[in-house]
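Coordinates in review
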Amino acid sequence: MNRSSTGLMFILPAIAVLLMLIAYPIVYTVYLSLIDAHGALTGKNYANVLKPYVTRQAFGNLLYYVGGSIVFQVLFGTLAAILLNQKFWGRSAVRSITLIPWVVPGIVAATTWAWMFHTEFGIINYMLTGAHIIPGPVGWLTNKDTVMPVLIAINVWKLFPFVAIMVLAGLQAIPADLYEAAKVDGANFWEEVWYITLPLVRPVLVAVTLLLLIWGLNAITLIYAITQGGPANLSLITPIQIYQLAFTSFQFNEAAALSVLFFIVAAIVVAVYVKVIPSNTAVAR
Amino acid sequence: MKLKALAGGLAVSTLILLPSLAVAGDVVWWTPNWSQARAQKLADDFHKANPDINIKLQITTSNGLPQQVMTALQSGSGPDIIEVQHGWVQGYAQNDLVQPLDDTIQEKDDYNKAVIAEDTYDGKLYAIPYRIECTALLYNLDDYTKAGLDPANPPQTWDDWVAASKKMTAGGVYGMAITGGGEFGNTITRALPLIWMNGGDIISADGKTATINKPEAVAAIKFYTDFYAQKLSPDSTLQNDGVANRQLFIAGKVASYLTGQYDIAPIAQAAPTLKVGAFMTPHPAGKTTAGILNGWSYVIPKDAQNPTDAKKFLQFLNTSDNMGYFTDTFPARVSSLKLPRFQDPLLKPFAGMLPFGRPTPNTPHWVQISQAMFNGIQRILSGQQDPQAAMDQANDEIQALLDS
Amino acid sequence: MSEDARLAGEGGVGSRVTIAISAIVLVLVCLFPFAWMALSSIKKLPELFTVPPHWLPNEPTLGNYWTVLFNSNIPRYFLNSCIISGGATLVALVLAVFASYGFARFNFRGKAWLQTFVLVGQLLPTAAIIVPLFITLRWLHLINTYWGLILIYTIITLPLSVWMLTSYFRGIPYELEEAATIDGASRLGILFRITLPLAMPGVVAVVVYSFVTCWNEFVFALVFAQDQSVKTLPIGLAEFSTEFNTDWGGVMAASMVMTVPVALLFLVFQRLFVGGLTAGATKG
């Protein structure tokens, strides 16, 4: 039917580019995961990565890190977007400033935060002890109870601007007369947000959350630069484990096996997400 | 091998059709940015003597280097010469990514034996070392003398070492900082030799059994972590690597710490009035000291475009004088050590450690094994386990790796 | 009544104060570490690692900026980054606009699968795909070229751009396009004359996302750009570190050079972030 083929034609260029450059890596990785160092077929790599406790620990940490990050990134990002949508003097400048945490190079942000959270050099301990908010310096990045929350906080700082900008763009599409009508009905600001704003930016929020999920599953810069996954694997996440297997431990076959497993799990999560979240599209007739 | 065929098949078919990118007579050399100027000079000198060979420098950075090198080697299209750390050579050799260089090295007996052993796999030499360094104790001269210690009589034994550190811990200054964070190599370099000094080892000589929970090893690990337990090392130890300790040293918070001579220049630059001294790493009474020789070697990738000229260049680079000129710390050749630049009295303790350097065990899982040891040390420092329990767990993990 | 007037007339002082306080909090949170970086960039080496730390330099210096601008590779890398990030953003944008429109407005067999496929490439860990991608690029003779990195960055940013733009297109009421169809306009015409202008904030958002992602990407740049002529800014940052030592003043100054232009660029794009264009468009 005409409709179907037109749609396909629109998406074809993008699909072709992606196919060309993704198909080979997938095949390569799967192949690598099924052979050993001498090229013989084996399932040993999968056994070797699944057995040690560290694999489960890293995956658990990953879920905690990504889950915790996403909740707050979306929350603060959306609040920021709503704020930035209001008219006030200096709004353009504030919008640009909001962008800064996201734009700052990851490795520099990571090392700056690590520096600021340092038990001895860190400005944070200095300010908190100076203001008598805490009795003594805290080992933010070395204490098992604080290391993950601190890393999550840094991750939220880094990425909430992304959410803010994306949601802000979505907010622009909401017609002002909808707010007018609500005003007439006597709604206050927060009711407007709940009943008008949020439902209308839902597609954007859904997309953004998915993106954060995918990003989070692969992002190693922040944690790697700050704690290298330590202390004692407390902040180790699966992508870092894969990186270490591939590039520092010379276990490329095991790294490939872990990559395949990780890919399958991530693909399932994404597929479920895509199917479960209904898309209310007006379709071309 | 099949892997190479699959990967190479795609590339080779095109390479046959298209002209190769490197001209015969070009040698591509990946060299790090900190020695760029010296590398350029050596390349120019070589070119003058061999006008038909062009040395092309491509500068690498420390950040991301393992990934960069690994990708180039695995994809079969790397440069002709790469500078890598000794510790990586085993991995490359075991995976057939670099060429044997037995035919290239000259005057092999002049080289430090331990580092040659590090670069040897299965009886063949896979890299030519040019730079070695060992850690020793660096101390703040003012703190040292104020504590009543005599620079001419540094601590020799572990007991003396602890006593000296305790004396230097006063007035908000920590006497002896250990590393407990950062890249695990920092801590392995400092802690593993202590195990060796005490008569233990991380794995058995035949590479089949993990021995890190034996009494000698555990006692050494406990000695190391006790510096933190007894508050001779800063509160931030779990997040400090060698560089952080240097910064604390510069800031006057730490009186001494284990490090290599590469810290002397940055300290002088950041704190010109700070006077330093050094002494060799103390050993248990009645035993000898030990160290790990870190540093850099040259490798030639298996699929290098121009290995013949590259080997010629390597021989030029590794003459006693050139090696002595190029190295940042110490040369791998004993004869080079006689050059004037290595005669600084401050360098004497560091040079004195070189003969006591030992190679790290020659096993395919070395990186993961050392990671297990490091995790164990971190568990002790964070109070999660006592030394014996931590080393028992590390032992199990290491044994599992050796058995796999 | 325009949105401005509505806001001006509502709430009064209470909401103004809330907005002002919230805006200040937002600015402080965003700028706190950035201020530390900026101040570090004008400090001399001995002042960078003091215990206890102090905010303001006792002897401020522009020496770090001098080093960055005149004594390093940063200027050349800045140019390379502009070309590569700009090029990849443009290519990804073009591909994404078409693909997103297809996903947003059409139903066809296997659509859900294709949508999932678009995302699939993003799920492969970098460590897994870097060697095969290197082999592919070398086969195409694109190592050490601008196009090589542009291609790689296009693949990295394309999937998420498609997804985001799809949701923005969905936010445009279809009735607007329907009206044009009835008037006889072609699909492409509708896309370019109606949908795209209305989705401009979304397009800007996607451009920002693509550009920022490419601008800061390190690993692929490191591996695919071995020659100085194509290296990018993140590699330039890494060059301030030697084996055991980092020129922190230089790194911070270089970070400023990397960050501030992008924020300023976004300031310029603000006028495209205009809303309310669809207001009243479908009223009978």
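The model shown is predicted, which means the values in this text are computed figures rather than measured ones.

1. Remarks on the overall build of chain A
Across its full length, chain A holds 12 helices and 0 strands. Taken from the N to the C terminus, the helices and strands of chain A come in the order α-α-α-α-α-α-α-α-α-α-α-α. With the principal axes as the frame, chain A shows a C-alpha extent of 75 × 70 × 25 Å. Buried positions account for 51% of the 285 residues belonging to chain A. Of all intrachain contacts in chain A linking residues separated by at least 6 positions in sequence, the fraction that spans at least 24 positions is 69%.

2. So, the sheet that holds strand β8 (residues 256-259) of chain B
Note: strands within a sheet are paired through backbone hydrogen bonds, in either parallel or antiparallel orientation. All names here are of chain B. Taken in spatial order, the 3 strands line up as β8-β7-β9 in an open sheet, and their pairing is antiparallel. Every interior strand has two partners, whereas the edge strands, β8 and β9 (276-279), have only one. With strand direction ignored, the average angle separating the axes of adjacent strands in the sheet is 30°. Note that strand β7 (residues 136-140) and β8 share 4 bridges and pair antiparallel. For L138, the partnering residue across the bridge sits in β8 and is Y257. The strands that helix α10 (residues 242-250) touches are β7 and β8; relative to β8, the one it contacts most, it runs at about 150°.

3. Considerations on the domain arrangement of chain C
All names here are of chain C. Under the domain assignment, chain C is made up of domain 1 (3-61) and domain 2 (66-272). In this structure, domain 1 and domain 2 have C-alpha centres spaced 29 Å apart. Listed by partner, the interface residues are 8 residues for domain 1 and 6 residues for domain 2. Listed by contribution, the elements that provide at least two residues to the side of domain 1 that touches domain 2 are α2 (13-41) and α3 (45-48). Of all the elements, α2 adds the most residues to the side of domain 1 that touches domain 2, at 4 residues. When grouped by side-chain class, the residues that make up the side of domain 1 that touches domain 2 number 4 nonpolar, 2 polar and 2 charged.

4. A few points about the interface of chain C and chain B
Facing the 25 residues of chain C at the interface are 29 residues of chain B. Among the secondary structure elements, those contributing two or more residues to the side of chain C that touches chain B are α3, α7 (126-139), α12 (219-224) and α13 (233-238) of chain C. Looking at which element gives the most residues to the side of chain C that touches chain B, the answer is α7 of chain C, with 6 residues. The residue makeup of the side of chain C that touches chain B, split by class, is 16 nonpolar, 5 polar and 4 charged.

5. Overview of the sheet that holds strand β2 (residues 54-60) of chain B
Residues and elements named next belong to chain B. If you walk across this open sheet you meet the 6 strands as β2-β1-β3-β11-β6-β12, and the pairing is mixed. Each edge of the open sheet is held by one strand with a lone partner, namely β2 and β12 (330-331). One ladder, built from 7 bridges, connects strand β1 (residues 26-32) with β2; its direction is parallel. Residue D26 lies in a different strand from β2, and its bridge partner there is N54. Running at roughly 170° to β2, helix α2 (residues 36-49) makes contact with β1 and β2 of the sheet.

6. Digging into the interface of chain C and chain A
Between chain C and chain A, the residue contacts involve 95 residues of the former and 92 residues of the latter. A total of 12 residues in the side of chain C that touches chain A trace back to one element, the largest contributor, which is α2 of chain C. Per-class residue counts for the side of chain C that touches chain A are 66 nonpolar, 22 polar and 7 charged.

7. A few points about the confidence of the model for chain A
Residue and element names in this part refer to chain A. For chain A, mean pLDDT is 86; residues scoring 70 or higher make up 95% of the total. Within chain A, the element-level pLDDT minimum falls on helix α1 (residues 2-33), averaging 82, and the maximum on helix α3 (residues 53-85), averaging 93. Considering only residues more than four positions removed or in separate chains, one finds that residues 280-285, a stretch of pLDDT under 50, has 9 contacts.

Cut-offs used in this document
- Residues numbered from 1 in each chain as written.
- Chains lettered and ligands numbered in written order.
- Predicted model: local features only at pLDDT ≥ 70, side-chain atom pairs only at ≥ 80, totals over all residues.
- Helix = DSSP H or I, 4+ residues; strand = E, 2+ residues; numbered from the N terminus.
- Buried ≥ 20, exposed ≤ 12 C-beta atoms within 10 Å, placed from the backbone.
- Contact = placed C-beta atoms within 7 Å.
- Pairing = 2+ DSSP bridges.
- Axes fitted to C-alpha atoms, helices over the stretch in contact; angles between N-to-C directions.
- Domains from an automatic or database assignment.
- Nonpolar A, V, L, I, M, F, W, Y, C, P; charged D, E, K, R; others polar.
- pLDDT = per-residue confidence, 0-100.

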